[in-house]
Amino acid sequence: EKAPKTMREAVSRFFNVSEGNIGNLARSQRTALAENIQIIVTGTKRMPCYEIIDQGEGQPPHRFGSTFVSLGRDNKEKIAFVQGKYNMGGSAALSYCGEKMSQLIISRRAPALRKIKEDELWGFTFVRLRDPKGTEVLPIIEYFAPQKKIAAFNADSMPLLPTTKDELYSTCLRFGTYIKLYDYDMGPGA
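Now for a quick tour of the structure.

Conventions adopted
- Residues numbered from 1 in each chain as written.
- Predicted model: local features only at pLDDT ≥ 70, side-chain atom pairs only at ≥ 80, totals over all residues.
- Heavy atoms only, no water.
- Helix = DSSP H or I, 4+ residues; strand = E, 2+ residues; numbered from the N terminus.
- Buried < 20%, exposed > 50% of the residue type's maximum accessible area, 1.4 Å probe, protein only.
- Contact = heavy atoms within 4.5 Å.
- Areas by Shrake-Rupley, 256 points an atom, 1.4 Å probe, with all protein chains shown as cover.
- Lys, Arg positive; Asp, Glu negative; His and termini not counted.
- Salt bridge = Lys/Arg side-chain N within 4 Å of Asp/Glu carboxyl O.
- Polar contact = N/O pair within 3.5 Å; in protein donor to acceptor, adjacent residues only side chain to side chain.
- Phe/Tyr/Trp six-rings, centres within 6.5 Å; stacked < 30°, edge-to-face > 60°.

### Description of the overall build of the protein
When helices and strands are tallied, the protein shows three helices and nine strands. Along the protein, from the amino end to the carboxyl end, the secondary structure elements read α-α-β-β-α-β-β-β-β-β-β-β. Each of the 190 residues in the protein was classed as buried or not, and the buried ones make up 32%. In the protein, once contacts between residues fewer than 6 apart in sequence are set aside, the share between residues at least 24 apart is 54%. Accessible surface, the protein: about 12400 Å² in total, of which carbon and sulfur atoms supply 55%.

### Quick look at the side chain of Asp119
If you trace the backbone, Asp119 turns up in the loop between strand S3 (102-108) and strand S4 (122-130). Look at Asp119: it is buried, it has no salt bridge, and the nearest opposite charge is Arg109 at 5.3 Å. Here the side chain of Asp119 touches Lys115 through a polar contact of 2.7 Å, landing on its backbone nitrogen.

### Concerning the packing of aromatic side chains
All told, the structure shown has six aromatic pairs when counted by the stated rule. Considering the side-chain rings of Tyr50 and Tyr184, the 5.5 Å spacing of their centres and the 85 degrees angle between planes classify their relative orientation as edge-to-face. Here the residue Tyr50 occupies a position in strand S2 (residues 48-54), and Tyr184 occupies one in the segment after strand S9 (176-181), the gap between them amounting to 134 residues. Seen from their ring centres, Phe124 and Phe144 are 6.2 Å apart, and the 25 degrees between their planes marks the pair as stacked. Taken together, the positions of Phe124 in strand S4 and Phe144 in the loop between strand S5 (140-143) and strand S6 (151-153) put the pair 20 residues apart, joining distant regions of the chain. With a relative accessible area of 27%, Phe124 lands in the partly exposed category. Feature note: the residues Trp122, Phe124, Phe144 and Phe153 constitute an aromatic cluster, connected by ring pairs.

### Focus: unusual backbone geometry
Within the chain, Met101 stands out as a residue other than glycine whose phi angle is a positive 45 degrees. The topology assignment puts Met101 in the loop between helix H3 (89-94) and S3.

Structure, rendered in structure tokens:
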């Protein structure tokens, strides 16, 4: 009941933005806020790779199954101000990710949200959409999880942020999420 009811209310409350309108911020304040999420484009012009870097709450490895790689769950259904109510956002991009239809996800939980020791770890998985095999009728989304666990490791930071357009992996990300969409097909005329 205490959650914001609209996106504007959420922006006002969580980011201290007057009336939830980013237009009310000074240019320097908008820039500082925007630095928390970045989209980097690499690869060729026809089939670029998109890297989305979000310095937000992040997810620990043990939560990937109910967040990044889950499908059809309703874990956000009752939160009025969010997008992706049925956990399909990440999978929707796969069909545009070139012939291999794949993406890489790396994430670490923000320090203020860590509750157990495993929350300190970085988790990573590789997600792909593959053609049906045998008696399967539809394409299958599968992800890397050796021994049915998301791969995890301990590190203070990961060099995933750019310093300049020519120095892509030169600044460290301490928490948050990095998603790379490989060979993204922008369609005709792109």
